[in-house]
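Descriptive structure summary
Listed below, chain by chain, are the residues.
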Amino acid sequence: MKRSAVSLEDIADWHNLAAAFHRAALGKRDRSEVQRFAADLDNQLASLRADILAGTVPVGRSRRFRIHDPKPRIIHAPCFQERVLHHAIMAHVSPVLDRALVEDTYACRIGKGALAAVQRAQHHACRWPWWCKVDIRAYFASVDHAMLKGLLARKLKDPGLLTLLGRIIDAHSDAEDLARGLPIGALTSQQFANFYLGGLDRLLLEQCRVRGLVRYMDDLVWWGESRAEVHAVLDAARTFCADRLHLEIKTPALIGRSAGGLMLCGYRILAGRLLLSRRRKRRYSARRRHWEQLYAMGLIDGQTLQAGYSAALGITLPAEAAGWRREQLQRVPIADAIAAL
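All of these numbers come straight from a predicted model, not from anything done at the bench. (Residues numbered from 1 in each chain as written. Predicted model: local features only at pLDDT ≥ 70, side-chain atom pairs only at ≥ 80, totals over all residues. Heavy atoms only, no water.)

1. Considerations on the overall build of the protein chain
- Summing up its helical and strand segments, the protein chain has 16 helices and nine strands in all.
- Relative to a compact globule of 341 residues, whose C-alpha radius of gyration would be 20 Å, the protein chain shows 22 Å and is just as compact.
- When the backbone C-alpha atoms are referred to their principal axes, the protein chain occupies close to 60 × 60 × 35 Å.
- Looking at the 341 residues of the protein chain, the share that counts as buried comes to 45%.
- For the protein chain, restricting intrachain contacts to residue pairs at least 6 apart in sequence, the fraction spanning at least 24 positions comes to 70%.
- Looking at the protein chain as shown, the accessible area adds up to about 17300 Å², and 51% of this sits on carbon and sulfur atoms.
- Separation of charge centres in the protein chain, based on 51 positive and 34 negative side chains, amounts to 5 Å. (Helix = DSSP H or I, 4+ residues; strand = E, 2+ residues; numbered from the N terminus. Rg over C-alpha atoms; globule rule 2.2 N^0.38 Å. Buried < 20%, exposed > 50% of the residue type's maximum accessible area, 1.4 Å probe, protein only. Contact = heavy atoms within 4.5 Å. Areas by Shrake-Rupley, 256 points an atom, 1.4 Å probe, with all protein chains shown as cover. Lys, Arg positive; Asp, Glu negative; His and termini not counted. Charge placed at Lys NZ, Arg CZ, Asp CG, Glu CD.)

Right, dumping it as structure tokens:
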């Protein structure tokens, strides 16, 4: 097994840190902490570089808040300096982790994404009659630190880099288990969590020989010729998750016919059609109300309002929903919606 030679010096390279700053600041230039960092950029990057090389860079500093999307989640947003650090790390580490994944893993990967996952699932639904869909119980909170660090050590060999990654992993833990958990909201967490299930993908494709597979983070679907076939694979997946990854697949798993449709990433997937889920419809309505409220309060102008509408419509465009979108605009016209706020 050949491991990557990415080193701590690569992470701390001045050009890598400068590029990481610009990626971390994208869309956030109006925030005070970003402006303070940018005002003293050379000194900030020099200090960050020195701390990385000395092994003393602070980690685990984040702002904690709760969202409902659609279920309650606790988000840990890293401070800006740590966001720069994460981007600097992932500029070199992410390609290494990406090469370890199968093609049918779609989260947090360039050229992939939710829509690509849905389209691939539709392709499989046209070919194979049965599917099984699973997800992991409390996935981010259940990732085992020691197991994750062991998996990273099989891909990376620089001791300094592995120590830094281990510090980032250990800086957060589940409330009930200090040796488990990744924070939702950090770039490193997304990449690590996606990489953590790579072994399960290979088990299903190479040993169980499933007919088709799509994984988007911890949402996993596979296809087969019969109900018995996909159910047998489910038993193997449960055993692998419990014994090798220390994870639990939610019960009951969903098994159905492709002809009856499948819900994935906010869409109802049929062999020849792609429909919006109730969740995605609610998200559109919430985003529309958000932009209308800002406009009514005088916080944005008409051009920004239109851009907000376009963004809200964007999450519905891949589906067959033209009639529904037209009905939404007719039911609550823009002028009436703003006047009612």
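2. Things to note about the sheet that holds strand β3 (residues 130–134)
- Taking strand neighbours across the sheet as the criterion, the four strands line up as β4-β5-β3-β6 in an open arrangement whose pairing is antiparallel. Of all strands in the sheet, those with a lone pairing partner are β4 (212–216) and β6 (254–257), marking the two edges. The mean angle between the axes of side-by-side strands here comes to 15°, regardless of whether they run parallel or antiparallel.
- Two elements, β3 and strand β5 (residues 219–224), share five bridges in a ladder whose sense is antiparallel. Residue pairing for β5: V134 is matched across the bridge by L220.
- Against the sheet, helix α12 (residues 227–245) touches β3, β5 and β6, its axis set at about 140° to β5. (Pairing = 2+ DSSP bridges. Axes fitted to C-alpha atoms, helices over the stretch in contact; angles between N-to-C directions.)

3. Observations concerning the nonpolar core
- Within the largest apolar cluster, 67 residues are counted, with the highest numbers of intra-cluster contacts made by Y139, L204 and W222.
- The element best represented in this core is helix α5 (residues 80–99), accounting for nine residues.
- When sequence neighbours within four positions are dropped, the list of residues in contact with W222 reads W130, W131, C132, V134, L204, V210, G212, L213, V230, V233, L234 and A237.
- Listed in part, the 23 residues of the second largest apolar core include A117, L264, L276 and A319. (Core = buried A, V, L, I, M, F, W, Y, C linked by side-chain atoms within 4.5 Å.)

4. Notes on the pattern of salt bridges
- For the structure shown, the criterion picks out 12 salt bridges.
- Residues K112 and E103 are paired through a salt bridge, measuring 3.1 Å at the closest nitrogen-oxygen approach.
- The partner of R137 in a salt bridge is E248, with the nearest N and O atoms 3.4 Å apart. One end of the pair, R137, is in the loop between β3 and α7 (139–142); the other, E248, is in the loop between α12 and β6, and 111 residues separate them in sequence.
- Overall, R137 belongs to the partly exposed group, its relative accessible area being 36%.
- Owing to a relative accessible area of 44%, E248 belongs among the partly exposed residues under this scheme.
- Counted as one network, the salt bridges with shared partners bring together R211, E225 and E229. (Salt bridge = Lys/Arg side-chain N within 4 Å of Asp/Glu carboxyl O.)

5. Some words on the side chain of D144
- When you line up the elements, D144 lands in the loop between α7 and α8 (145–153).
- One buried charged side chain, D144, makes no salt bridge at all; its nearest oppositely charged neighbour is R180, positioned 4.4 Å away.

6. Here we look at the confidence of the model for the protein chain
- The predicted model of the protein chain averages 92 in pLDDT, with 96% of residues at 70 or higher.
- No element of the protein chain has a lower mean pLDDT than helix α16 (residues 334–339), at 62, and none a higher one than β4, at 98. (pLDDT = per-residue confidence, 0-100.)

7. Thoughts on the sheet that holds strand β9 (residues 274–276)
- In spatial order, the strands read β7-β8-β9; together these three strands make up an open sheet with antiparallel pairing. On the outer flanks of this sheet lie β7 (262–264) and β9, each paired with one strand and no other. Neighbouring strand axes in the sheet, compared pairwise and without regard to direction, differ in orientation by 35° on average.
- Pairing between strand β8 (residues 267–269) and β9: three bridges, direction antiparallel. Directly across from Y267, in β9, lies its bridge partner L276.
- Relative to the sheet, helix α6 (residues 114–127) contacts β7, β8 and β9, its axis offset from that of β8 by approximately 20°.

8. Quick look at the side chain of S258
- With respect to the helices, strands and loops of the structure, S258 is situated in the loop between β6 and β7.
- Owing to a relative accessible area of 5%, S258 belongs among the buried residues under this scheme.

9. Overview of the packing of aromatic side chains
- Using the criterion set out here, one finds five aromatic pairs in the structure.
- Here the aromatic rings of F21 and F37 are separated by 5.7 Å at their centres, their planes lie at 15°, and the arrangement is stacked. Of this pair, F21 sits in helix α2 (residues 14–25) while F37 is found in helix α3 (residues 32–39), placing the two residues 16 residues apart along the sequence. By the burial criterion, F21 is buried, and F37 matches it.
- Members of the aromatic cluster, each reached through a chain of ring pairs, are F21, F37 and F80.
- Sitting over the ring of Y106, K112 keeps its end group 4.9 Å from the ring centre. (Phe/Tyr/Trp six-rings, centres within 6.5 Å; stacked < 30°, edge-to-face > 60°. Lys NZ or Arg CZ within 6 Å of the ring centre and 35° of its normal.)

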